[in-house]
Amino acid sequence: MVGNWKMELSHLAAVNLATSLKRVWGEDTLRVQVVVCPSFPALLPVAEILKPLKELQLGAQNVHWQEQGAWTGEVAVSQIKPFVQWCLVGHSERRALVGETDEQVQAKAQLLIKEGLRPIVCLGETAAERAQELIVETVTQQVEAIFTVATRTTLQRLVIAYEPVWAIGSGEMPAPSEAAEVMLLIRKLAAQRFGEEVAAKLCIIYGGSVNARTVEPFVAEPGIDGVLVGGASVQAREFAEIVRVVERVSGQE
Ligand code: PGA
């Protein structure tokens, strides 16, 4: 379970959300692994507030692909490392709005793994690619860019988030079975490169317009290991409800 808080919250609102989440869950009540991704300045206070929750970890929303240097305004892996275990890379908003390329996403994932952090690699087709029936081509290209720099061991440390771009923040979603089909493609590509056993363990999650009402059929699909939630993750009750559904469906309640 990943909550991507994007740039939705003021500093105070982020601290309040973390406090509410802690209140909702209390200590040791989470049955599934949850990662929340606040903006950089909120990482430390949110980490402090959520520290007592055993199954909850922190992620950054982005990082630079170079280790250090003259990159005004950018943030390096070594700078987030003291605060987070995870980091989103290749989110479609960055690919579309900042022009992030597969090569940069690849370099970020590689650097994160080298530094012992866990990348959550976001990928998926745009509405235009979907209309042109290019889902397989697009996803294959994006996922292969990551698999090229992974090994049988490091593959276990990353998560692939399949997020059809047209489904993000739009209220539109693919049929759960359609999303599961894309996950199957990703798993097959992993199997070709790393073998069936490693591919079976690869964590692949779905993202795009997930909320407490829409989540269940997605996580009920075999092969969908979790969800990445944007808009609905910045409301404590809604996010907690999504987590509860995932716990129930995955038999962890
Ligand atoms: P959404 O965003 O849940 O608001 O659609 C998902 C994401 O951007 O990761």
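Refer to the structure presented above.
As the structure is a prediction and not an experimental result, all values here were calculated from the model. (Residues numbered from 1 in each chain as written. Predicted model: local features only at pLDDT ≥ 70, side-chain atom pairs only at ≥ 80, totals over all residues. Heavy atoms only, no water.)

Undergrad: Tell me about the layout of surface pockets, residues and numbers included.
TA: In this structure, the largest pocket spans a volume of roughly 470 Å³. What lines the largest pocket is a set of 21 residues, among which M1, Q33, C203, I205 and D225 lie closest to the centre. If you list the elements that add at least two residues to the lining of the largest pocket, you get β5 (118-123), β7 (203-207) and α11 (236-249). Here the residues of the lining of the largest pocket are counted per class, giving 14 nonpolar, 4 polar and 3 charged. The computed volume of the second largest pocket comes to approximately 390 Å³. Lining the second largest pocket are 15 residues; nearest its centre among them are K6, M7, Q61, N62 and R94. Of the residues forming the lining of the second largest pocket, the biggest block, 3 residues, is contributed by helix α4 (residues 92-97). Of the residues in the lining of the second largest pocket, the class split is 6 nonpolar, 5 polar and 4 charged. (1 Å grid on protein atoms, 1.4 Å probe; cavity = no way out; pocket = protein on both sides within 12 Å on 5 of 7 lines; lining within 4 Å. Points joined across faces, edges and corners; volume = space filled by probe spheres on them. Helix = DSSP H or I, 4+ residues; strand = E, 2+ residues; numbered from the N terminus. Nonpolar A, V, L, I, M, F, W, Y, C, P; charged D, E, K, R; others polar.)

Undergrad: So what's going on with the site of the ligand? Which residues, and what values?
TA: Every one of the 13 residues lining the ligand counts as a neighbour, but K6, H91, E163, G169 and S209 are closest to it. Take H91: an N or O atom from its side chain is 2.6 Å from an oxygen atom of the ligand. In the model, an oxygen atom of the ligand is placed 2.8 Å from a nitrogen or oxygen of the G231 main chain. Look at the ligand: alone it shows 280 Å² of surface, and the protein chains cover 95% of it. (Near = heavy atom within 4 Å. Polar contact = N/O pair within 3.5 Å; in protein donor to acceptor, adjacent residues only side chain to side chain. Areas by Shrake-Rupley, 256 points an atom, 1.4 Å probe, with all protein chains shown as cover.)

Undergrad: A description of the nonpolar core should follow, citing residues and the corresponding values.
TA: With 77 residues, the main nonpolar core has I160 and I186 as its most contacted residues. Here the element with the most residues in this core is helix α8 (residues 176-194); it accounts for 9 residues. Formed by 11 residues, the second largest nonpolar core is a distinct cluster that contains C37, W86, C122 and I205. (Core = buried A, V, L, I, M, F, W, Y, C linked by side-chain atoms within 4.5 Å. Buried < 20%, exposed > 50% of the residue type's maximum accessible area, 1.4 Å probe, protein only.)

Undergrad: Please provide a residue-by-residue account of the packing of aromatic side chains, values included.
TA: Here the structure, examined in full by the defined rule, presents 4 aromatic pairs. With a centroid separation of 6.1 Å and 65° between ring planes, the pair formed by W25 and F239 is classed as edge-to-face. One end of the pair, W25, is in helix α1 (residues 11-25); the other, F239, is in helix α11, and 214 residues separate them in sequence. Considered together, W25 and F239 belong to a single accessibility category, that of buried residues. (Phe/Tyr/Trp six-rings, centres within 6.5 Å; stacked < 30°, edge-to-face > 60°.)

Undergrad: Mind laying out the pairing of β7, listing which residues take part and the relevant values?
TA: Of all 5 residues in β7, 4 are buried, a share of seventy percent or more. Note: strand β6 (residues 159-162) against β7, 4 bridges, orientation parallel. Bridging from a neighbouring strand, I160 pairs with I204 of β7. As defined by bridge partners, β7 adjoins strand β8 (residues 227-229) across 2 bridges and the pair is classed as parallel. Bridge pairing in β8 links G207 to L228. For the handedness criterion, the β-α-β arrangement of β7, helix α10 (residues 215-220) and β8 is classed as right-handed. (Pairing = 2+ DSSP bridges. Right-handed = clockwise from strand over helix to strand, strands pointing away.)

Undergrad: Could you give me a rundown of α11, with the residues and numbers involved?
TA: Over its 14 residues, α11 runs 20 Å from end to end, which matches the ideal 20 Å to within 8%, given 1.5 Å per residue. Residues A236, F239, A240, I242, V243, V245, V246 and E247 constitute the buried set of α11. Looking at the packing, one finds that the buried side of α11 touches β1 (2-4), α1, β2 (34-37), α10 and β8. Following α11 by one or two positions, G251 adopts a phi angle in the positive range, close to 75°. (Expected span 1.5 Å × (residues − 1). Contact = heavy atoms within 4.5 Å.)

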